[in-house]
Amino acid sequence: MAGYDPKQIEARWQRLWAEEKTWEVANPGQPGFDPEKPKSYVLEMLPYPSGEPHVGHLKCYAVGDAIAHFRRRQGFEVIHPMGYDSFGLPAENNAIKTGEPPRAATERSIESFQRQFREWGISIDWSRELATHTPEYYRWTQWIFLQLLEQGLAYRTEAPVQWCPKDATVLANEQVVDGRCERCGTEVVQRKLEQWFFKTTEYAERLLADFDLLESWPEHVITMQRNWIGRSEGAEVTFRCEEVDLDFPVFTTRPDTLFGATFFVLAPEHPELERLVAGTPAEAAVREYVDRAARESAEERGAEDREKTGVPLGRGVVNPVNGERIPMFVADYVLMEYGTGAIMAVPAHDERDYEFAKAFDLPVRRVIEGEDPDAARDDRGLPYPGDGPMTGSGRFDGKGNREAYAEIVEWLASEARGESAVNYRLRDWLVSRQRYWGAPIPVVYCDACGEEGAPAIVPVPPEQLPVELPEVEDYAPKGRSPLAAAEQWVATECPRCGGPARRETDTMDTFVDSSWYFIRYLDPGNGEAAWERAAADHWLPVDQYIGGVEHAILHLMYARFFTKALADCGVLGVQEPFANLFAQGMITRDGAKMSKSRGNTVSPAEYVERYGADTARTYICFMGPPERDADWVDEGVEGANRFLSRLWRLCEELGEREAGELDPAAAAGDARALLAKAHWAIDKVTRDFQRGFQFNTAIAAVMELVNEAYRLKDGLYGAPEGVAAVRFATATAASLIFPFAPHLGAEIWERLEGGRVWEQPWPVADPALLASDTFPLVVQVNGKLRDRIEAAADASEAELLALARGSEKVARFLDGKQVVKEIVVPGKLVNLVVR
Ligand SMILES: [Zn+2]
Ligand SMILES: [Zn+2]
């Protein structure tokens, strides 16, 4: 008997899938399109091609592929495309270092990804493949830019930007982590530049409201987005500086504390600072303070425990509620990014204002009664952040502050000194990059068409797209885009007047490329339009999106924004791109994040070469619930390989035996036991797929089935019906393992049953053979119901406890707490008492 030889098996099926184009699907109106079949769009986030695929890629595509196979066999027409997010910094940085053009390095990497995806046996519709760095693709990225420009959703303005001195590029706020460049860790500084923005803020409300349109997204991802959008309700109130004749609007969530304002603070970036202090004694000190603040990050400046610093401006504003003049300061704890960049300071009821008042010896005036011992710092019980009756607030005295809230806002509005307002933390999306390896922004600047000395911004007409990226010699950024050096390219003709004009030399943030790729897959060869509406309408939204949680905010938010904006442009029919989202966990090794410098990386290619793709894929889906982080262990890979080898051996043994007819209803003894086990496994795997892709327990169920077959087979081989039972169990195991180990699953199925397992409907468990051997285990934390989990009727107390503790819903309530007691009522419930 030959042993399990994955090389041979896998090569054979990969060849067949490639030759027969097995996973290609047709669009509406194309030959082979079946309008009766329900569609399912299964999509993993597209890879950024840099070097070789890593093990995180293997996990993402193994998980996505399992879902794609499951859906196909459940009767869906599954679209499962692939592409490459192939513009971006690593290829450009490599070019700067080695002189190799980014295109060459990128395309070499793409070839490596393509080869490995085939070697992993991922069921990709290769006819839809795309790469965002090709002119065929970015032509339409540019077209979308023009659509947004036409809608007023793209605009250009001078703005302070976060600048990475090392990469010499502007960073989006989202790319600044703890004041440092997300890519290289260099401390970020501020600069002013003319920049292109997309008006994401215009969609803030819809981005929040439309969480309701999603079918299933992880709660923590929605929370992260919600916090990022950061909606708060309050009032905009205008304070006036008579001396310079200027109004200073502030946004406050606490208009009920207006009477307690004792000073006024501007952010160091506030545009009117200059006017306030120019030529005054405060000028020099303010300037120095502003320069210093510019070198610090928003996070540092916003830190709660930071010592409060600032400089008095020698000016004052008038508090509109009581006409009182209060002194003005500049202080770095106020951020330009939030609200209007100015605040009214109420030290009696705000922690940071309180600290500032103490540092500068400013009055602290209580306007709300109440006590909060946790927040209080002094013997007057201040600052007090809570609610209570108002005091020192004129005609509002004695009223509850919450009740007075609306009245105060109404009164301000009637005096034209304020109005109710909503503020968002979300900023407009800065899309300009002074970099080479991106899609050129398709506009030109023409002096002749301009007015008042400013050149006109003229969009490149759609028929002139793409604006192709020119070849350059030097990729190093020098504070301007490397494209600026391509003088022949920059000099162009104005599409409006035909006179001389200059091209925009910035390229687009690569997040723009990945904000719409899932639409282009639906019609990738279209040379006339970005997509055909009928194709988009048929396939969208993506039914199941799969990717890393590190994209919870940026990519997912931008793609949602694009979808809404494109719907508003009338070219899309959906409001949300991804109906269901699955966020996979990370793979670590030796408990640490993998990195080249740590030397703990796992090369998927090595493991595939050694054990076969089926083993690597099965192991990666078996490591733990796929949404959790899991640690790569070589023994685990060997275990997965042993399991597949055992399944293979069963198949080989059966090949030599004559199987009889088996009537499941009449089966008895071990034959019945094995059939029952097979149906149990069908039921278990199906349910594990349906409840959030619990692939580890699904694979464990197939392992159990194989073990049961081994335990019973020798006794069963004696009779033809017995052989039939083993054969059924083995074919079922092959069918169930197929989504994870597609080559071996297909091979065994073909040998035992003939035909193609992926054309078989997903098996359905026979209820008659499904002993009711499970029950819904109630899991409580401190007596409160937190989850219900199907548990085996014969599970031990330890197993029930493990099941309860393994629940993610439960884990949330255990986090940071200590379990002091475990109560298990077998067959019923587990209660965890925590403190
Ligand atoms: Zn950097
Ligand atoms: Zn012109």
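See the structure above.
Since the model is a prediction, treat every value here as computed from it, not as a measurement.

Please give an account of the coordination of the zinc ion (ligand 1) that cites residues and values.
Ideal geometry at a metal gives 109.5 degrees between four tetrahedral donors and either 90 or 180 degrees between six octahedral ones. Distances from the zinc ion (ligand 1) to its protein donors, C164 (SG), D167 (OD), C181 (SG) and C184 (SG), fall at 2.2 to 2.3 Å. The coordination sphere of the zinc ion (ligand 1) comprises 4 donor atoms, whose angles at the metal cover 100 to 116 degrees; the geometry is tetrahedral. Counting gaps between the donor residues of the zinc ion (ligand 1) yields the pattern C-x2-D-x13-C-x2-C. Taken together, the residues span a long stretch of sequence, with C164 in strand β5 (residues 154–164) and C181 in strand β8 (residues 180–181) at a distance of 17 residues. Since its relative accessible area comes to 0%, C164 is described here as buried.

Give a description of the sheet that holds strand β19 (residues 443–451) that names residues and reports values.
Judged by pairing direction, the sheet is antiparallel, and its 4 strands sit side by side in the order β20-β19-β22-β21 without closing on themselves. Looking at which strands have only one partner, the edges of the open sheet turn out to be β20 (454–459) and β21 (491–493). Within this sheet the neighbouring strands show an average axis-to-axis angle of 45 degrees, counted without direction. Where β19 and strand β22 (residues 500–503) come together, 2 bridges link them in antiparallel fashion. Counterpart to Y445 in the pairing with β22 is R502.

Describe the coordination of the zinc ion (ligand 2), with residues and values.
Ligation of the zinc ion (ligand 2) by protein atoms is provided by C446 (SG), C449 (SG), C494 (SG) and C497 (SG), these donors lying 2.2 to 2.3 Å from the ion. Because the angles between the 4 donor atoms bound to the zinc ion (ligand 2) fall within 105 to 115 degrees, the donor set is best described as tetrahedral. In terms of primary sequence, the donors binding the zinc ion (ligand 2) are separated according to C-x2-C-x44-C-x2-C. On the accessibility criterion, C494 (2% relative accessible area) is buried.

Tell me what's going on with the packing of helix α1 (residues 6–20) against helix α24 (residues 742–753), and back it up with residues and numbers.
Between α1 and α24, whose axes approach to 9 Å, the crossing angle comes to 90 degrees. One element, α1, and the other, α24, form an angle in the roughly perpendicular class. Facing I9, E10, R12, W13, Q14 and W17 of α1, the residues of α24 in contact are P742, H743, L744, A746, E747 and E750. Per-class residue counts for the contact of α1 with α24 are 6 nonpolar, 2 polar and 4 charged.

Conventions used here
Residues numbered from 1 in each chain as written. Chains lettered and ligands numbered in written order. Predicted model: local features only at pLDDT ≥ 70, side-chain atom pairs only at ≥ 80, totals over all residues. Heavy atoms only, no water. Donors = N, O, S within 2.8 Å, 3.2 Å for Na, K, Ca; no water. Tetrahedral: all angles 85-135°; square planar, octahedral: opposite > 155°, others 65-115°. Helix = DSSP H or I, 4+ residues; strand = E, 2+ residues; numbered from the N terminus. Buried < 20%, exposed > 50% of the residue type's maximum accessible area, 1.4 Å probe, protein only. Pairing = 2+ DSSP bridges. Axes fitted to C-alpha atoms, helices over the stretch in contact; angles between N-to-C directions. Parallel < 35°, antiparallel > 145°, perpendicular 65-115°, else oblique. Contact = heavy atoms within 4.5 Å. Nonpolar A, V, L, I, M, F, W, Y, C, P; charged D, E, K, R; others polar.

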